[in-house]
Amino acid sequence: PGGPPGRRPPPPPPAAAGGSLMAVLELNLLTKKSAMEEKQAIMMRGVQRIACLSLIPMLAGLKYPAGVFVYWITNNLFSLLQVALFSRPAV
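Below: a short report on this structure. (Residues numbered from 1 in each chain as written. Predicted model: local features only at pLDDT ≥ 70, side-chain atom pairs only at ≥ 80, totals over all residues. Heavy atoms only, no water.)

## Structural notes on the packing of aromatic side chains
Taken as a whole, this structure holds three aromatic pairs when the rule is applied. Seen in terms of ring centroids, Tyr64 and Trp72 are 5.3 Å apart; in terms of plane orientation they differ by 70°. Their pairing is edge-to-face. Judged by relative accessible area, Tyr64 falls into the partly exposed class, the value being 33%. Residue classification places Trp72 among the partly exposed residues on the basis of a relative accessible area of 27%. Between the aromatic rings of Phe69 and Trp72, the centroid separation amounts to 5.8 Å while the plane-to-plane angle is 85°, which identifies the pairing as edge-to-face. Highlighted residues: Phe69 and Trp72, both in helix α3 (residues 66-86), separated by three residues, approximately one helical turn. (Phe/Tyr/Trp six-rings, centres within 6.5 Å; stacked < 30°, edge-to-face > 60°. Buried < 20%, exposed > 50% of the residue type's maximum accessible area, 1.4 Å probe, protein only. Helix = DSSP H or I, 4+ residues; strand = E, 2+ residues; numbered from the N terminus.)

## Re the packing of helix α1 (residues 12-31) against α3
The angle between the axes and the distance between the axes are what describe a pair of packed helices. Look at α1 against α3: their axes get within 9 Å of each other, and the N-to-C directions meet at 20°. For the element pair α1 / α3, the angle class is roughly parallel. For the element pair α1 and α3, the recorded crossing hand is left-handed. From α1, Pro13, Pro14, Ala16, Ala17, Ser20, Leu21, Ala23, Val24, Leu27, Asn28 and Thr31 reach across to α3, where they touch Phe69, Trp72, Ile73, Asn76, Ser79, Leu80, Val83 and Ala84. (Axes fitted to C-alpha atoms, helices over the stretch in contact; angles between N-to-C directions. Parallel < 35°, antiparallel > 145°, perpendicular 65-115°, else oblique. Left-handed = near helix turned anticlockwise from the far one by under 90°. Contact = heavy atoms within 4.5 Å.)

Put into structure tokens, the structure is as follows:
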């Protein structure tokens, strides 16, 4: 249901781990955008997206325990919060 026949969506934990990692990397790149050239930022964003998207099938195929995904996702959410807080201008 809801997709091309023969293709299953990735399981939720690997997809969440890859998605949360991509969110951290994207936000981090946005906060450092002014420190690098535009061409370099575009190239880095492309490489990071490919790495995150290629990570999802690998994680799904290796059958990690659920506790590992809980750790990775929680760690990525803390990192996302940290990048968001440190990117704010000082008071």
